[in-house]
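Structural description and commentary
Chain residues, written in single-letter form:
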Amino acid sequence: MWVNFVNAVEPRLASFRYRSVWPSLAIAEQYPCLITDDASSVPLDTDTDGIVFTKAFTQKSLELAWEARKHDIPIVLDLCDNIFVPGYLGGTSGLLTVACFRSMAEFSECIIVPTQALGEIVRQQLAGTAPQIKVIADCVEREADVRRLLRLLNQDRNHTQVINGPIAISNNLQVISSKSKRDYGRSHFPALPASLDKLKNRVFRTVRQAINNDLTANRAAFRNRYKSLKQSLNLDRLNDYSRPSRPDLSHRSMPLAADVPRKTVLWFGNAGHSHGDYGIATILRFANALSRIHSLTPIELLVVSNNEGKFNEYVRRLPIPSRYAEWDPVGVFEHLQSADVVIIPNSNDSFSRTKSANRVVLALSQGVPVVAEDFSALELLRDCVACEDPYQG
């Protein structure tokens, strides 16, 4: 049996779906699999072929990995973010994450990352101690799969959850949540031994050291979609328009009347965090293009995210009609179906440049054109995405 250990059984988290559930379903076609965030549910015996730690680099994870090593169970780490950027997760939490990751990497068989850029960062950070690093890109997520996952995990669109025990996702894949353990009772798996003081001291020594060191889609079809969209928006009229250094916010447009036809420009994703220039704030990088296009053809900017406060801070003041919608794993498909184009700005800072192209792939899979700022994960998609000047995109 292969075990996928996560921080939380939470289908709203992209890392849980993309890096745990969908890969585990593929593995489960040949081998039994378990997804859990509860260490005591992991059998440390010959029944376990290996443990994959998916974005789970905490003291609890380190203790489980150490016990697994003592039982000669292979360890694999799946990292999907650049956790080495300064201030990751706000400081102390990020330093602990890095410390646990470094310690676990010392006795892991392999590290999996979604992009080549992130793999290079990991190789640099671990220097000569890095194990084998493999790039496994995010898959294409489908609405039917997400709906089924929510149904099986007993979650509704409001994300209320009724846990009633271990859940079978497929014939060979089981999910056990720490929440379900409290409601379901004692697991039949043996409990994890108590943590060792020496192991804890090793973690904090590593923290101190860290502080001191401080699909390619149908290309022709999408090119035709871009051409059609350009013509409908009269973008050729922008060719002679000089580009100012900052968005022109000297005028504000009022929301359009309900009966005025307009194009829907969609941005969706995580609202962002202090450790990187990503999220809702990056919409400002397209502010000039959006305001000028709106002066030619009415548009509305739809932001689907998880922080309305940031939307009000960065987007509401722009001189184009805009509205906010709360993100959920099913609703994003509905918003994509109503969108005319998706925008994905990217600051290409040390955090953003290593990210997966899963949002680009998701939009393209729904037949929606994408205008993006180029980053390394778009290497195989550049013929399908407009990633030059956003004015012309």
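The structure we're discussing is the one just above.
Keep in mind that what you see is a predicted model, and the values were worked out from it rather than measured.

1. Description of the sheet that holds strand S12 (residues 341–344)
Reading across from one edge, S11-S10-S9-S12-S13 is the order of the 5 strands in this open sheet, with parallel pairing throughout. This sheet does not close on itself; its edge strands, each paired only once, are strand S11 (322–326) and strand S13 (370–372). Sheet twist, expressed as the average angle between the axes of neighbouring strands with direction ignored, equals 25 degrees. As paired elements, strand S10 (residues 299–305) and S11 share 5 bridges and run parallel to each other. Bridge pairing in S11 links Val303 to Tyr324. Against the sheet, helix H9 (residues 287–296) makes contact with strand S9 (263–268), S10 and S12, and its axis sits at roughly 140 degrees relative to S10, the strand it touches most.

2. So, helix H4 (residues 116–126)
Turning to H4, its buried residues are Ala117, Leu118, Gly119, Ile121, Val122 and Leu126. The secondary structure elements touched by the buried residues of H4 are helix H3 (92–105), strand S5 (110–113) and strand S6 (132–135). One or two steps after H4, the chain reaches Ala127, where phi turns positive at roughly 50 degrees.

3. What to know about the pairing of S12
Put simply, side chains in a regular strand alternate between the two faces of the sheet. Along S12, one buried face is formed by Val341 and Ile343 and the opposite face, lined by Val342 and Ile344, is buried too. Across 2 bridges, S9 lies against S12 in parallel orientation. Counted as the bridge partner of Leu266 is Val342 from S12. As paired strands, S12 and S13 are joined by 3 bridges and run parallel to one another. Counterpart to Ile344 in the pairing with S13 is Ala372. Of the crossover connections in this fold, the one passing from S12 over helix H12 (residues 358–365) to the parallel S13 is right-handed.

4. Quick look at the packing of helix H2 (residues 59–70) against H3
The interhelical angle for the contact between H2 and H3, taken along N-to-C directions, is 10 degrees, at an axis separation of 9 Å. On the basis of their axis angle, the class for H2 and H3 is roughly parallel. Packed against H2, whose contacting residues are Gln59, Ser61, Leu62 and Ala65, the element H3 presents Cys100, Ser103 and Met104 at the interface. Among the residues making up the contact of H2 with H3, the classes are represented as 4 nonpolar, 3 polar and no charged.

5. A short note on the environment of Ile133
For Ile133, the position within the fold is in strand S6. For Ile133, a relative accessible area of 15% gives the class buried. Sequence separation between Ile133 and Ile112 is 21 residues, and the spatial gap between their C-alpha atoms is 5.9 Å. Among residues more than four places away in sequence, those in contact with Ile133 are Ile111, Val113, Gly119, Val122 and Arg123.

6. A look at the sheet that holds strand S1 (residues 2–6)
Pairing is mixed in the open sheet, where 8 strands are placed in the order S6-S5-S4-S3-S1-S2-S8-S7. The sheet terminates laterally at S6 and strand S7 (167–170), the two strands that pair on one side only. Ignoring strand direction, the axes of neighbouring strands in this sheet form an average angle of 20 degrees. Strands in contact with H4 are S5 and S6; relative to S5, the strand with the most contacts, it is inclined by about 145 degrees.

What counts as what
- Here the residue numbers are simple positions, counted from 1 along each chain's written sequence.
- It should be noted that, the model being predicted, local features are given only for residues of pLDDT at least 70 and side-chain atom pairs only at 80 or more, the latter also being counted only at that level, while totals for whole chains, interfaces and linings use all residues.
- Values reported for side chains reflect all heavy atoms of the structure, with hydrogen atoms and water molecules removed beforehand.
- One bridge is not enough; two strands pair if DSSP finds at least two bridges between them.
- Only DSSP runs of H or I covering at least 4 residues are called helices, and only runs of E covering at least 2 are called strands; the numbering of each starts at the N terminus.
- Between the N-to-C directions of two axes lies an angle of 0 to 180 degrees, each axis being a line fitted to C-alpha atoms and, for a helix, fitted only over the stretch in contact.
- Two residues qualify as a contact provided that any one of their heavy atoms is within 4.5 Å of a heavy atom in the partner residue.
- Relative accessibility decides the category of a residue: with a 1.4 Å probe and only protein chains considered, values under 20% of the type maximum give buried, values over 50% give exposed, and everything between is partly exposed.
- Orient the strands so they point away from the viewer; a crossover is then right-handed if the path from the first strand over the helix to the second runs clockwise.
- An angle counts as roughly parallel when it lies under 35 degrees, as roughly antiparallel when it exceeds 145, as roughly perpendicular when it falls between 65 and 115, and as oblique in every other case.
- We call Asp, Glu, Lys and Arg charged. Ala, Val, Leu, Ile, Met, Phe, Trp, Tyr, Cys and Pro are nonpolar, and the rest, Gly among them, are polar.

Such coordinate-based values are descriptive only and should not be taken to indicate function.
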